[in-house]
Amino acid sequence: MLSTLMLAASTALLLMASTGLVARTVNSRRQPVIVAAALAPWLMAAALPAAVLAAVAQQWVAVAASAVLLGAAVVTQWPLYRARYRAVRRPRHRVRQSAEPRLRPAGGRPLRVMQANILIGGADSLALAATVDRLHIDVLTVCELTPPGLERMMASRLPQLLPYHYCSTGEYGDGTGIWSRYPLSDTRRHDAFVTELLSARVELPDDPAPLVFAVHPVPPWPRKPAEWLRELELLRQLLAKIPDGAGPVIVAGDFNATMDHRPYRVLLDGSYRDAAVAVGAGILPTYAADRWYPAVIAIDHILVRDALAHEVHTVELPGSDHRGIWAALTV
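Now for a quick tour of the structure. Please read these numbers as outputs of a predicted model, since none were measured by experiment.

**As for the overall build of the protein chain**
So, point 1. When its secondary structure is counted, the protein chain shows 12 helices and 12 strands.
So, point 2. Its C-alpha atoms give the protein chain a radius of gyration of 22 Å, within 12% of the compact-globule value 20 Å for 331 residues.
So, point 3. When its C-alpha atoms are laid out on the principal axes, the protein chain stretches across 70 × 55 × 40 Å.
So, point 4. Buried positions account for 50% of the 331 residues belonging to the protein chain.
So, point 5. Accessible area of the protein chain: about 16,500 Å², with a carbon and sulfur share of 59%.

**A look at helix 1 (residues 2-25)**
So, point 1. Taking 1.5 Å of rise per residue, 24 residues should cover 34 Å, and helix 1 covers 35 Å from first to last C-alpha, within 8% of that figure.
So, point 2. Every buried residue of helix 1 is accounted for by M6, S10, L13, L14, A17, G20, L21, A23 and R24.
So, point 3. Next to the buried residues of helix 1 lie helix 2 (31-38), helix 3 (40-44), helix 4 (47-56), helix 5 (60-77) and helix 11 (262-267).

**Digging into the side chain of S199**
So, point 1. In this fold, S199 is placed in strand 6 (residues 197-202).
So, point 2. Here S199 falls in the buried class, since its relative accessible area comes to 3%.
So, point 3. Polar contacts involving the side chain of S199 include one to the side chain of H190, which spans 2.8 Å.

**Describing empty space enclosed by the protein**
So, point 1. Scanning all chains against the criterion turns up 3 cavities of 30 Å³ or more.
So, point 2. Taken as a whole, the largest cavity spans an internal volume of roughly 170 Å³.
So, point 3. Around the largest cavity sit 20 residues that line it, and L80, M259, I283, L284 and A298 are the ones nearest its centre.
So, point 4. Elements with a contribution of two residues or more to the lining of the largest cavity: helix 3, helix 12 (275-279) and strand 10 (300-305).
So, point 5. Tallied by class, residues from the lining of the largest cavity come to 13 nonpolar, 4 polar and 3 charged.

**Structural notes on the packing of helix 1 against helix 4**
So, point 1. It is the contact of helix 1 with helix 4, at a shortest axis distance of 8 Å, that shows an interaxial angle of 155°. Considered as vectors, helix 1 and helix 4 are oriented roughly antiparallel to each other. The handedness of the crossing between helix 1 and helix 4 is left-handed. Between helix 1 and helix 4, the residues in contact are M6, A9, S10, L13, L14 and A17 and A47, P49, A50, L53, A54 and V56, respectively.
So, point 2. The class makeup of the residues in the contact of helix 1 with helix 4 is 11 nonpolar, 1 polar and no charged.

Scoring rules and cut-offs
Residues numbered from 1 in each chain as written. Predicted model: local features only at pLDDT ≥ 70, side-chain atom pairs only at ≥ 80, totals over all residues. Heavy atoms only, no water. Helix = DSSP H or I, 4+ residues; strand = E, 2+ residues; numbered from the N terminus. Rg over C-alpha atoms; globule rule 2.2 N^0.38 Å. Buried < 20%, exposed > 50% of the residue type's maximum accessible area, 1.4 Å probe, protein only. Areas by Shrake-Rupley, 256 points an atom, 1.4 Å probe, with all protein chains shown as cover. Expected span 1.5 Å × (residues − 1). Contact = heavy atoms within 4.5 Å. Polar contact = N/O pair within 3.5 Å; in protein donor to acceptor, adjacent residues only side chain to side chain. 1 Å grid on protein atoms, 1.4 Å probe; cavity = no way out; pocket = protein on both sides within 12 Å on 5 of 7 lines; lining within 4 Å. Points joined across faces, edges and corners; volume = space filled by probe spheres on them. Nonpolar A, V, L, I, M, F, W, Y, C, P; charged D, E, K, R; others polar. Axes fitted to C-alpha atoms, helices over the stretch in contact; angles between N-to-C directions. Parallel < 35°, antiparallel > 145°, perpendicular 65-115°, else oblique. Left-handed = near helix turned anticlockwise from the far one by under 90°.

Geometry only, nothing functional implied.
This is the structure we're talking about:
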């Protein structure tokens, strides 16, 4: 009887793992599949307890099936950690220490970029400004910027820390903003998106001006997924049109998509790289951060082109349902 129960539980866990693997693989427009893809790493992890239960019940076919699913899951998630492993394995060479500290990496300028979804303007603007100060952020992109939220941000220390900004507010979480330590130029509002999609060039001293996008595609749930798919494709087309040699490009925002969504991975098919993947940071969950349990899905991202990522981390945003994400780059 106990063996039968263990086999039943193992089978149920195998079905969960299979669901996660299939959901991240197919290019579906069905909402349940898209939601399952967002949870794919956790669903696929069910293959491990499935294998243990099947082994205890001495059901070796189920053990083999669990092992295959677990191996497939590792293959899908390994790229998120690979760069970290390579950095650990890379041989260290002795270098002669300079008499003076190097203030900037050779071949580029350091730039710290942060993305924050502020929950319809409700996040703690004082805490956000303190985080920007503590992390020495140079460029901040903000999602769900409302008129009251903008007022609170302007009343905080943020304008002193990042004196240049380009914003377009919205009443229901549609607003977006870019804040910068350096002057902004070529500011643009891009049409055909439900939420505001903005871009601006950051005029770094004596360096090529990186083009920064603040993006926030609509979520595939509870809305119908068609709009989400349309906006991700529009974003892909927009980024693909930026000519080579146009300088560094940084795309930061709440994409409402994880690495396990095929439409998001398509954004990375060309010359753009997810900064977290580039440094091997792994899964960095940012949502939902206002529950009794930790954030479980990684939907806030920083993409780069012609820029080098050195480290990527999440950070608490008091008053928001997201964690922020920031990256140390060289452009």
